[in-house]
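Structural description and commentary
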Amino acid sequence: MIEVSHLTKRYRDLVAVDDLSFTVGKGEVVGFLGPNGAGKSTTMRILAGFLPATSGSVQVAGFDVFESPREVKRRVGYLPEHPPVYDALTVRACLRFCADLKGLPRQTIGSEIDRVAALAGVAGVMGRVAGNLSKGFKQRLGLAQALLGDPEVLVLDEPTVGLDPLQIREVRDLVRSLAGRHTVILSTHILPEVAMTCQKVLVVNQGRLVDFDTVEGLIARHLPGRRVTLDDIAFLEEIYGKLVTAPAAGPGPA
Amino acid sequence: MRAALAVARKELLVYFTTPLAWVLLMVVAFFSAQFFNGALDAYRFVALRAVELQSPQVLDRLDLTELVVGRLLGSVAVFLVIAAPFLSMRLWAEEKRARTFELLMTAPVRPLQLVLGKYLAALAMVAACLAVVALFPLLLSFFARGAAGGSAVEWRTVATGLLGLFLLGAMAMAVGMFVSALTESVVVAALVSLLLLLGLWVITILTIGVDGPLRDLAAALSAAEHLGGFLAGRIELKDVVYYLSFVVLGLYLTERAIEGRRWA
């Protein structure tokens, strides 16, 4: 569903993403891990068609992001790092505007807005002015916006930032429920989140891919012989530590 | 087209839910009232003098539309040039600052549709300001009677004057929108477009005392010179072309600036 090949992004002399290649299959939920400044947000912005790549290509559902941006954007729901919220508008007006921008069929807009509002947990604040919402609600409004129109692919940049523990669990359940029908790629700093919601983990460091595998595959390769259950999260921290503190020597044996 | 209308709707919603539009309309109403009163006083003074001096020729030539409405619209024009940057400044700069620009750019919409939507909203704001201004000639027409008993206000001259102001506003908004697309700061957007527009407004003062082609060039570039015809009741092609070329250029450059973000 998502094919990234030899993706490189340079900002003048800073290399944000360096020769990144990976493929995400339909219906997979992939967690995007990496330290701050590893190039996660940049990669996601390129996936969503906001930034151009310096070189390399990104294909979503068979369409090149740069060549046919509108075909890709129609299929991608994107939650940016900073949730895009119009401070002056009410939550409903924000969602209405996004639905119109996405060109959703007029007859179903009302019910579609109610659907995503319920999913993202903003149904109770529909009449409130978005600028007065707490960080958590803004984040959820951003999530609702990404879910509008039920897109095939969801690109979520740190979807649980600013949420309280219960809300984090709700979002986690939501992402899990999307698996299968939707292809999801989400970035996060919170390791338990990855273990609980993602089938595959993609680890980047300094713009380079250091490993990309299923959670089980990572355990087998990096902690050979260790028996771990998915409820025990410490193992992931250990693997993550190994991967991102080692010098970025190029893609792992994925 | 639907996306463009959605953007226009959103922009107007923001203009009218924030104080910006209301403050501006209030300021327009206040200054128009001052200009109107001033022009009316001047007219009364001239008329009384003409009666005192018993010179019917002067009285005959006194034209309420020209002296009162014409002056009002002429003064409002300067005001429009100064006010437009404060309306256009937020069109793109605000989206970039609030990070909603990313939302617009990742929506399955052509940049041109976004540009047209925003511009449509800007034109609606110009129209709203002019609607407030148009109340004053209307007020005048209730009280002033012409020599033949009809209305003393020549509505055709007023209409061409308002059309001229609308074109001037359209030009100012197009220039301002382009500047706004280049920066993340609304203050910079407002100041730079104010500088550009005021520059175009007063460009003829650079050539005071100069004769020949330079002076003609300055007059041809001046936004003020091209308004004269409209205020006098004439619609001239050169004036319409002047304003519309700024509109087209502004829209084109804005579209390029927005589309350019996809490339770098």
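You'll find the structure just up there.
Here's what I pulled together on the structure shown here.

The rules behind each value
- Chains are numbered independently. Their residues run from 1 in the order of the written sequence.
- Key to labels: chains lettered from A, ligands numbered from 1, both in the order written.
- With the structure being a predicted model, the display of local features is reserved for residues of pLDDT at least 70 and the display and counting of side-chain atom pairs for 80 or more, all residues being used for whole-chain, interface and lining totals.
- The side-chain figures draw on all heavy atoms in the structure; neither hydrogens nor water molecules are used.
- In this description, contact between two residues means that some pair of their heavy atoms is separated by no more than 4.5 Å.
- Note on definitions: buried area is the accessible-area loss of two parts on being combined, 1.4 Å probe, summed for both.
- Salt bridge criterion: a side-chain nitrogen from Lys or Arg within 4 Å of a carboxyl oxygen from Asp or Glu.
- By the criterion applied in these results, polar contacts are pairs of N or O atoms within 3.5 Å in which, for protein atoms, one can donate a hydrogen and the other can accept it, and in which residues neighboring in sequence qualify only through two side-chain atoms.
- Think of it this way: any DSSP run of H or I at least four residues long counts as a helix, any run of E at least two long counts as a strand, and we number them from the N terminus.
- DSSP bridges decide pairing: two strands pair if at least two such bridges lie between them.
- Between N-to-C directions, angles span 0 to 180 degrees; the directions come from axes that are lines fitted to C-alpha atoms, helices contributing only their stretch in contact.
- Burial classification: accessible surface area is computed with a 1.4 Å probe over protein chains only, and a residue below 20% of its type maximum counts as buried, one above 50% as exposed, and the rest as partly exposed.

**Quick look at the interface of chain B and chain A**
Contacts between the two partners involve 28 residues from chain B, matched on the other side by 32 residues from chain A. Summed over both sides, the interface between chain B and chain A buries roughly 2,900 Å², with carbon and sulfur atoms accounting for 63% of that surface. At the junction of chain B with chain A, the criterion picks out two salt bridges. Remark: the boundary between chain B and chain A carries six residue pairs in polar contact (both at pLDDT 80 or more). Among the secondary structure elements, those contributing two or more residues to the side of chain B that touches chain A are helix H1 (2–17) and helix H6 (101–105) of chain B.

**Details of the sheet that holds strand E1 (residues 2–11) of chain A**
Residue and element names in this part refer to chain A. Taken in spatial order, the four strands make up an open sheet running E2-E1-E4-E5, and their pairing is antiparallel. The open sheet terminates on both sides in strands that have one partner only, identified here as strand E2 (14–24) and strand E5 (63–64). Here E1 pairs with E2 via seven bridges, running antiparallel. Bridging across to E2, Leu7 finds its partner in Leu20. Against the sheet, helix H1 (residues 40–47) touches E1, E2 and strand E4 (55–60), its axis set at about 120 degrees to E1.

**Here we look at unusual backbone geometry**
Residues and elements named next belong to chain A. Here Asp150, not a glycine, exhibits a phi torsion of approximately 50 degrees, which is positive. Relative to the assigned elements, Asp150 resides in the loop between helix H5 (135–147) and strand E7 (153–157). A positive phi is found at Glu158, a non-glycine position, where the angle reads about 50 degrees. With respect to the helices, strands and loops of the structure, Glu158 is situated in the loop between E7 and helix H6 (165–178). Overall, the relative accessible area of 14% leaves Glu158 in the buried class.

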